Amino acid sequence: MSLAVRVIPCLDVDAGRVVKGVRFADLRDAGDPVALAAAYDAAGADELTFLDVTASSGDRATMLEVVRRTAESVFIPLTVGGGVREVANVDTLLRAGADKVGVNTAAIARPALIGEIAQRFGRQVLVLSLDVRRAAGQPSGFEVTTHGGRRGAELDAVAWAREAADRGAGEILLNSMDADGTKEGFDLELIRAVRAVVDIPVVASGGAGRAADFPPAVAAGADAVLAASIFHFGEVSIAQVKRALADAGQPVR
Amino acid sequence: MPDTAPRVVVLDYGSGNLRSAERALAAAGAAVAVTADLAAAATADGLVVPGVGAFAACMAGLEALGAGPVIAARVAAGRPVLGICVGAQVMFDGGAEHGVDTPGLGLLPGTVTRLAAARVPHMGWNTVRVPAGSRLGARDGDRFYFVHSYAAQDLGALRATGALVTTGTHDVPFAAAVEWGALTVTQFHPEKSAGTGAALLRAWTAGLPAAIPTAPAPAP
């Protein structure tokens, strides 16, 4: 027996509603993140990730209310990412009921933010979110992107992952922008490259299309696997992913 | 909720997310108050000491509040205390983080030290081994949610006190939970451990003084 591979559904939330549509049987309001969180909890999800894609700052209060209501009804860990700019944002999210907070662009702009958050709240709350694409110009062949993968940050993704871990990140959410949406499987080379340089947990994201795509990501070094639309549209269930992992000899809850 | 629901205080000393603990204990049948009021902490049927982040920061928070003597007095008097995660770690003699040794409350023997594991933090759902006689409400092989880099690892010293030690293994063995008299501590987060955590919190709540049935009072 050992630590189970975590299977994590990710919900994009805009102004308090789940976007990208979710098709769940027996769910009266599939746009309600709290109802969906409860449904995924019941389906065996090991954690949940909310990505706040809210454009206007006025709607941030709505996100906090979603986090509050979720923490009241769902007793599995909750990560919230999106819009975290400073230490005070982390404090607010943790007090609302988040267990971990994802940081992306703000840490690229000012890497010292990572250490500040880790110092104040402990490194276990800090998930460094990395949107990565292949780029021949970078030493590792992978670069960090911003703006949903549209812009290169002129930063080597593998070197940045190592630096972030050294600065105090507790986990890396590694999203392949090349694989994202292809449903052709995770970018295993990217997972291996980052795994080789950090000893903190790595969550693999992007590219999953079927249950059989998940075991290779774990074999490549991922400690957890994250997906969005294939779960939301009912194409693959949490249980099917866990069965595939177990059949490959990987421990699951 | 019946009037006889045991009163539980979740100690608010500035440490992170208390909402999940509050709600999970309420779901387990407790009447929960989240407060920094030491009088309430001293007199509640059960006291929960949460904690996330750094050992030294949590100890500083407890000291600023003057909570240490209240916790120690409760344990000495046999009044239940539940420490969770770093709230569990502070019950030990001390913590060694980043090369700095910080004294703890000294209710349990040993120092909390970094896990010598390939992957740190130890993050996720891991199994535990539960000793005979445990009243945790957990079974061998149950999975709980852990998120920590440090742990109490001197199992021999703990067992020598007569404590019941539930163990976990993340490359190395460590204390996942300890039951010693009125003091129960869990390195994992029962309030984040879905069904297994709910069972543990129900068992702890059911063991609080007010929850133990007494003969009905005579009608006036």
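What counts as what
Residues numbered from 1 in each chain as written. Chains lettered and ligands numbered in written order. Predicted model: local features only at pLDDT ≥ 70, side-chain atom pairs only at ≥ 80, totals over all residues. UniProt positions renumbered as here; feature names shortened; annotations may be inferred. Helix = DSSP H or I, 4+ residues; strand = E, 2+ residues; numbered from the N terminus. Rg over C-alpha atoms; globule rule 2.2 N^0.38 Å. Buried ≥ 20, exposed ≤ 12 C-beta atoms within 10 Å, placed from the backbone. Contact = placed C-beta atoms within 7 Å. Pairing = 2+ DSSP bridges. Axes fitted to C-alpha atoms, helices over the stretch in contact; angles between N-to-C directions. Parallel < 35°, antiparallel > 145°, perpendicular 65-115°, else oblique. Left-handed = near helix turned anticlockwise from the far one by under 90°. Nonpolar A, V, L, I, M, F, W, Y, C, P; charged D, E, K, R; others polar. pLDDT = per-residue confidence, 0-100. Core = buried A, V, L, I, M, F, W, Y, C linked by C-beta atoms within 7 Å.

Chain B is annotated in an unreviewed UniProt entry as Imidazole glycerol phosphate synthase subunit HisH of Pilimelia terevasa. Recorded under Subunit (unreviewed entry), the UniProt text for chain B is reproduced unchanged: "Heterodimer of HisH and HisF."

Taking an unreviewed UniProt entry as the reference, chain A is identified by name as Imidazole glycerol phosphate synthase subunit HisF belonging to Pilimelia terevasa. In its Pathway (unreviewed entry) section, UniProt records this for chain A: "Amino-acid biosynthesis; L-histidine biosynthesis; L-histidine from 5-phospho-alpha-D-ribose 1-diphosphate: step 5/9." What UniProt states about chain A under its Catalytic activity (unreviewed entry) heading is, verbatim, "5-[(5-phospho-1-deoxy-D-ribulos-1-ylimino)methylamino]-1-(5-phospho-beta-D-ribosyl)imidazole-4-carboxamide + L-glutamine = D-erythro-1-(imidazol-4-yl)glycerol 3-phosphate + 5-amino-1-(5-phospho-beta-D-ribosyl)imidazole-4-carboxamide + L-glutamate + H(+)".

**Student:** I tried to follow the overall build of chain B on my own but got confused; where do I start?
**Tutor:** A tally of regular secondary structure across chain B gives seven helices and 13 strands. Its C-alpha radius of gyration of 17 Å places chain B within 12% of the 17 Å reference for a compact globule of 220 residues. Over its C-alpha atoms, taken along the principal directions, chain B stretches across nearly 65 × 40 × 30 Å. Burial status across chain B gives 53% buried among its 220 residues. Contacts spanning at least 24 positions in sequence make up 66% of the contacts within chain B whose residues lie at least 6 apart.

**Student:** How should I be thinking about the UniProt feature "active site" (unreviewed entry) in chain A in this particular structure?
**Tutor:** All names here are of chain A. Using the residue numbers shown here, the UniProt feature "active site" (unreviewed entry) corresponds to Asp12 and Asp131. One can find Asp12 in strand β1 (residues 6-14). For Asp12, a count of 20 C-beta atoms within 10 Å puts it in the buried group. Apart from the residues lying within four places of it in its own chain, the contact partners of Asp131 are Val144, Thr145, Gly149, Asn175 and Met177.

**Student:** How do you make sense of the sheet that holds strand β10 (residues 150-152) of chain B when you look at a structure like this?
**Tutor:** The pairing of strands in a sheet comes from backbone hydrogen bonds and takes either a parallel or an antiparallel form. Residues and elements named next belong to chain B. Taken in spatial order, the four strands line up as β6-β5-β7-β10 in an open sheet, and their pairing is mixed. Every other strand in the sheet has two partners, leaving β6 (100-103) and β10 as the edge strands with one partner each. Neighbour-to-neighbour, the strand axes of the sheet open up by a mean angle of 20 degrees, direction not taken into account. For strand β7 (residues 108-114) and β10, the ladder comprises three bridges, and the chain directions are antiparallel. By the bridge assignment for β10, Thr113 is matched with Ala151. Strands in contact with helix α3 (residues 55-65) are β5 (92-97), β6, β7 and β10; relative to β6, the strand with the most contacts, it is inclined by about 30 degrees.

**Student:** Honestly, the packing of helix α3 (residues 87-96) of chain A against helix α5 (residues 112-121) of chain A in this entry has me stumped. Any pointers?
**Tutor:** Geometrically, a packed helix pair is captured by the angle between its two axes and the distance between the axes. Residues and elements named next belong to chain A. Running from N to C, α3 and α5 point in directions that differ by 40 degrees, and their axes come no closer than 10 Å. As the angle between them shows, α3 and α5 are arranged oblique. As for how α3 packs across α5, the hand of that crossing is right-handed. Within the contact between the two elements, α3 uses Val87, Val90 and Leu94 and α5 uses Glu116, Ile117, Arg120 and Phe121. When grouped by side-chain class, the residues that make up the contact of α3 with α5 number five nonpolar, no polar and two charged.

**Student:** Can you walk me through the environment of Glu154 of chain A in this structure?
**Tutor:** Within the secondary structure, Glu154 of chain A sits in strand β8 (residues 151-156). Along the chain, Glu154 of chain A and Val90 of chain A lie 64 residues apart, while their C-alpha atoms are 26 Å from each other.

**Student:** Mind showing me how you'd approach the confidence of the model for chain B here?
**Tutor:** In low-pLDDT regions, the fine details of the predicted coordinates are not to be read closely. Looking at chain B as a whole, the pLDDT averages 93, with 93% of positions reaching at least 70. With pTM at 0.93, the complex prediction returns an ipTM value of 0.93.

**Student:** Looking at this structure, I do not really get the packing of helix α1 (residues 33-42) of chain A against helix α2 (residues 60-73) of chain A. What am I missing?
**Tutor:** All names here are of chain A. Between α1 and α2, the shortest axis-to-axis distance is 9 Å and the interhelical angle comes to 30 degrees. Classified by the angle between their axes, α1 and α2 sit roughly parallel to one another. Read as a crossing pair, α1 and α2 show a hand that is right-handed. Seen from α1, the contacting residues are Pro33, Val34, Ala37 and Ala38; seen from α2, they are Val66, Arg69, Thr70 and Ser73. Partitioning the contact of α1 with α2 into residue classes produces five nonpolar, two polar and one charged.

**Student:** Sorry if this is basic, but what is going on with the nonpolar core here?
**Tutor:** As a rule of thumb, nonpolar side chains are buried together in soluble globular proteins. Counting residues in hydrophobic clusters, the biggest one holds 155 residues, and the most contacted among them are Val101, Ile172, Leu174 and Val225 of chain A together with Val48 of chain B. Looking at this core element by element, the count peaks at six residues for helix α6 (residues 157-167) of chain A. Ignoring any residue separated from it by four or fewer positions in sequence, one finds Val101 of chain A in contact with Val80, Gly81, Val84, Val90, Leu93, Leu94, Val125, Leu126 and Val127 of chain A.

**Student:** Honestly, the UniProt feature "active site" (unreviewed entry) in chain B in this entry has me stumped. Any pointers?
**Tutor:** All names here are of chain B. As annotated by UniProt and renumbered to match this structure, "active site" (unreviewed entry) occupies Cys85, His189 and Glu191. Annotated residues spanning 107 residues; largest pairwise C-alpha distance 10.8 Å, indicating a single compact cluster. Considering the arrangement of structural elements, one finds Cys85 in the loop between β4 (81-84) and α5 (86-89). Among the residues examined, Cys85 registers 29 C-beta atoms within 10 Å and is labelled buried. Cys85 has contacts with Gly51, Val52, His148, Gln187 and His189, leaving out every residue within four places of it along the chain. Within the secondary structure, Glu191 is located in the loop between β13 (183-186) and α7 (194-206).

**Student:** Any chance you could explain the interface of chain B and chain A here in plain terms?
**Tutor:** Quoted interface sizes are often the accessible area lost when the parts come together. Opposite the 29 residues of chain B that make contact, chain A presents 28 residues. Only α1 (19-27), β8 (122-127), β9 (143-148) and α7 of chain B provide two or more residues apiece to the side of chain B that touches chain A. With five residues, the single largest contributor to the side of chain B that touches chain A is β8 of chain B. Among the residues making up the side of chain B that touches chain A, the classes are represented as twelve nonpolar, eleven polar and six charged.

**Student:** Could you clarify how one ought to interpret the sheet that holds strand β3 (residues 46-49) of chain B in this entry?
**Tutor:** Residue and element names in this part refer to chain B. Ordered by their spatial adjacency, seven strands build an open sheet running β2-β1-β3-β4-β13-β12-β11, and the pairing between neighbours is mixed. What marks the edges here is a single partner per strand, and that holds for β2 (31-35) and β11 (164-170). Within this sheet the neighbouring strands show an average axis-to-axis angle of 20 degrees, counted without direction.

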